[in-house]
Amino acid sequence: MPKDPPSLISEDDRDRAVQRLQEAYTEGHISHREMDERLHQVLTVETHGELAAAMASLPAEKPGTTSTVAAVGGRIRRRGAWRVPRFLKVESAYGKVHLDLSRVVIEHPDVDIELHLGTGRARITVPRDAIVDIEDLAVWKDPRHKPRRRSRPGGPRIRISGAMGYGRLKIRHARR
């Protein structure tokens, strides 16, 4: 039987590995010399197996904290300058949800937003250079989202998952 070809890593995988190496060095888990060696490996490997070997013996990734914003009814609104956690859970039985991420502090390359909405609509404004993934979202009505044509590299990846009952999700990119 033929073997499956090794899966190639993406630039996002490479960026996450570099970030993990930098964190391990900052926290004193690896020496400067070891960081240089592993960075060279990470920047030159091509498959997931080779990447896993370069990352071996590093401490496990710190799980991000999950923050929950919930309301039975009414309006949930977050806007202005606020710090977005790695995992954000939004729950509402009925009402409107508006999350404005255009001026927030995003410390992670990936942000997971889990929506659990009964009825009502949700509007999420993402940073201009964000990449939005809504594949894991179960909705009654198709979300309104136009991906940006020219997204600059290095923007955050925002994954929206969960379930929405009756209502619609509208996602837009900030203008500035």
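Attention in this report is confined to the structure presented alongside it. This is a predicted model, so every value here is computed, not measured. (Residues numbered from 1 in each chain as written. Predicted model: local features only at pLDDT ≥ 70, side-chain atom pairs only at ≥ 80, totals over all residues. Heavy atoms only, no water.)

## So, the side chain of Asp-110
Selection criterion: Secondary structure follows DSSP: runs of H or I at least 4 residues long count as helices, runs of E at least 2 residues long count as strands, and numbering of each begins at the N terminus. Contact criterion: two residues are considered in contact whenever any of their non-hydrogen atoms come within 4.5 Å of each other.
Of note, Asp-110 is situated in strand E7 (residues 110-119). Asp-110 has contacts with Arg-16, Arg-86, Arg-157 and Arg-159, leaving out every residue within four places of it along the chain.

## Side note on helix H3 (residues 48-55)
Keep this limit in mind: Burial status follows relative accessibility: with a 1.4 Å probe on protein chains alone, a residue under 20% of its type maximum counts as buried, one over 50% as exposed, and anything between as partly exposed. To obtain the arc, one takes the directions from the helix axis to the C-beta atoms.
Every buried residue belonging to H3 is among Leu-51, Ala-54 and Met-55, and all of these are buried. Along the axis of H3, the buried residues cluster in a sector spanning 95°; they form a single face. Those residues of H3 that are exposed and aimed more than 90 degrees away from the buried face are Gly-49 and Ala-53. The secondary structure elements touched by the buried residues of H3 are helix H1 (11-26) and helix H2 (32-44). In the stretch just after H3, Ser-57 is the one whose phi turns positive, near 70°.

## A few points about the environment of Asp-142
Locating Asp-142 in the fold gives a position in the loop between strand E10 (137-138) and strand E11 (144-145). Exposure remark for Asp-142: the relative accessible area of 61% places this residue in the exposed category. Between the alpha carbons of Asp-142 and Arg-168 there is a distance of 7.0 Å; along the sequence they are 26 residues apart.

## Observations regarding the packing of aromatic side chains
Selection rule: The pairing test for Phe, Tyr and Trp rings, Trp by its six-membered ring, is centres within 6.5 Å, and the orientation test on the planes gives stacked under 30 degrees, edge-to-face over 60, and tilted for anything in between. Ring-over charges, as used throughout, are those where CZ of Arg or NZ of Lys falls within 6 Å of the ring centre and within 35 degrees of the ring normal.
For the coordinates displayed, the defined rule picks out zero aromatic pairs. One residue, Arg-86, lies across the ring of Phe-87, its end atom 4.5 Å from the ring centre.

## Focus on unusual backbone geometry
In this structure, Ser-57 takes a positive phi of about 70° despite not being glycine. Ser-57 gets classed as exposed once you look at its relative accessible area, which sits at 65%.

## Focus: the sheet that holds strand E13 (residues 169-173)
The line we're drawing: DSSP-based pairing: two strands are paired if at least 2 bridges between them are found.
The sheet built from five strands is open, its strands ordered E2-E5-E8-E13-E11 with parallel pairing. Of all the strands in the sheet, just strand E2 (75-78) and E11 have a single pairing partner and so form its edges. In terms of strand pairing, strand E5 (residues 96-100) meets strand E8 (residues 122-126) through four bridges, oriented parallel. In the strand pairing of E8, Val-97 is matched with Ala-122.

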